[in-house]
Amino acid sequence: MSFPAHRMRRLRASAELRRLVCETQLEPSHCILPLFVCPGEGVKREIGSMPGNYQMSVDVVVKECEQLQSAGLGGIILFGIPESKDEEASGAYAADGIVQRAVTAIKRACPKLLVITDVCNCEYTSHGHCGKIVGGDVDNDLTLEWLARTAVSHARAGADIVAPSDMMDGRVGAIRRALDQAGFSNLPILSYAAKFASSFYGPFREAAESAPQFGDRRSYQMDPANAREAMREIELDVQEGADLILVKPALPYLDIIRMARDRFDVPLGAYQVSGEYSMLVAAARNGWLDLERAMLESLTAIRRAGADFILTYFAREVARLLG
Ligand code: PBG
């Protein structure tokens with residue numbers, strides 16, 4: 001009955017027709033670039049497992065941001081590699097910590113660039129876990145104090161958004177209260193609400209020097225098998241005051257992004273994580289796929305699933321190609 005009246009190929013015949021009926025847009029403004037700041041001066045060290053990404057000292061990261069400011073990106077998100085690590089993650093909430101210094105310098109040089117800070121302890125603890133260890137596991141409620149102090153210190157340094165990524169229970173509420181008390185009631189919280197215990201974080205842990213020294217993160221990050229639990233995580237974070245929510249990783253979790261989009265009306269992001277980036281780059285280096293096309297296709301898929309914005313190591317490339 002439908003054929004030959006209906007011929008789906010009619011609207012695919014030219015680039016102009018295809019553009020007219022395109023359902024999903026991808027723009028540089030949808031992309032947020034993660035950056036890694038480290039101690040020192042004039043440091044720009046390529047991360048072996050993430051070609052094209054660098055650990056950069058504050059002066060270098062500021063120069064980088066000056067170039068990015070005109071690229072039309074949604075913003076950047078900062079991760080820190082501290083001078084030294086300890087049991088108490090003191091570098092995470094130090095007023096002159098690496099991220100705090102970077103934020104202040106970046107906002108001074110680039111007031112129009114949106115700067116998000118990742119709020120977590122794993123880069124700052126000697127054991128590499130995301131919180132305070134008591135009896136062999138991360139203690140939830142004691143860790144909340146560190147997170148709240150870290151968020152307030154980022155706010156004081158000038159962050160535009162703080163983004164807790166640790167997966168402790170109650171952290172959004174704890175951070176919201178601390179920010180409000182410190183006079184930052186207008187500072188938004190982007191919660192990594194549904195963060196899965198994923199093998200795709202492997203390259204990041206080299207970049208941020210944050211691999212756990214014992215065990216794994218499965219007592220706080222989510223089981224990749226669970227979708228309903230992800231909805232509960234998001235619901236709780238929204239109740240606690242999250243302004244924006246994030247699903248992480250992205251491409252292997254498109255169903256979670258779609259479910260979240262259909263259920264919640266808060267702005268929704270997705271994190272195309274280090275492993276998602278590195279496997280595309282590695283395959284392209286072997287000549288197995290076309291990097292530009294694979295990159296745009298994967299990012300478009302994440303947008304199509306329902307993400308308003310995407311944290312991606314390809315943000316620079318997107319701006320270069322589509323800006
Ligand atoms: C910190 C954090 C991680 C990532 C973002 N924030 C690592 C982890 O949970 O081990 C991963 C990002 C990426 O892989 O690109 N908790």
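Our subject is the structure listed above.
Along each chain, the written sequence defines residue order, and numbers are assigned to residues from 1. Confidence filtering applies because this is a predicted model: local features only for residues at pLDDT of at least 70, side-chain atom pairs given and counted only at 80 or more, and all residues used for totals across whole chains, interfaces and linings. Only hydrogens and water are set aside; all other atoms, that is, all heavy atoms of the structure, feed into the side-chain values.

Examining a nonpolar patch on the surface
Alright, step 1. A cluster of nonpolar side chains, Leu11, Leu17, Leu20 and Val21, forms an exposed patch at the surface whose accessible area comes to about 350 Å².
Alright, step 2. Note that Leu11 resides in the segment before α1 (15-20). A residue counts toward a patch only above 30% relative accessible area and without a salt bridge, and it is joined to like-charged neighbours within 9 Å or, for Val, Leu, Ile, Met, Phe, Trp and Tyr, to nonpolar neighbours within 5 Å. Per-residue and other accessible areas follow the Shrake-Rupley method at a 1.4 Å probe size, with only the shown protein chains counted as cover for residues. Within this document, salt bridges are pairs made up of a side-chain nitrogen of Lys or Arg and a carboxyl oxygen of Asp or Glu, the two lying within 4 Å of each other. Helix and strand definitions here come from DSSP, where helices need a minimum of 4 consecutive H or I residues and strands a minimum of 2 consecutive E residues; each element is numbered from the N-terminal end.

A short note on the pattern of salt bridges
Alright, step 1. Counted according to the given criterion, the structure contains 12 salt bridges.
Alright, step 2. Linking Asp180 and Arg176 is a salt bridge whose minimum nitrogen-to-oxygen distance equals 3.1 Å. Residue Asp180 and its partner Arg176 are located together in helix α6 (residues 171-181), separated by four residues, close to a single helical turn.
Alright, step 3. For Asp180, a relative accessible area of 38% translates into the label partly exposed.
Alright, step 4. Classification of residues uses two cut-offs on accessible area relative to the type maximum, computed with a 1.4 Å probe and protein chains only: under 20% is buried, over 50% is exposed, and between them is partly exposed. Judged by relative accessible area, which is 14%, Arg176 ranks as buried.
Alright, step 5. Ionic pairing is found between Arg261 and Asp308, a salt bridge with its closest N-O pair at 2.9 Å. Linking Arg261 in helix α9 (residues 254-263) with Asp308 in the loop between α11 (291-305) and β12 (309-312), this pair joins segments that are 47 residues apart in sequence.
Alright, step 6. Residue class for Asp308 comes out partly exposed when judged on its relative accessible area of 31%.
Alright, step 7. What emerges from the salt-bridge pattern is a single network uniting Asp166, Arg171 and Asp237.

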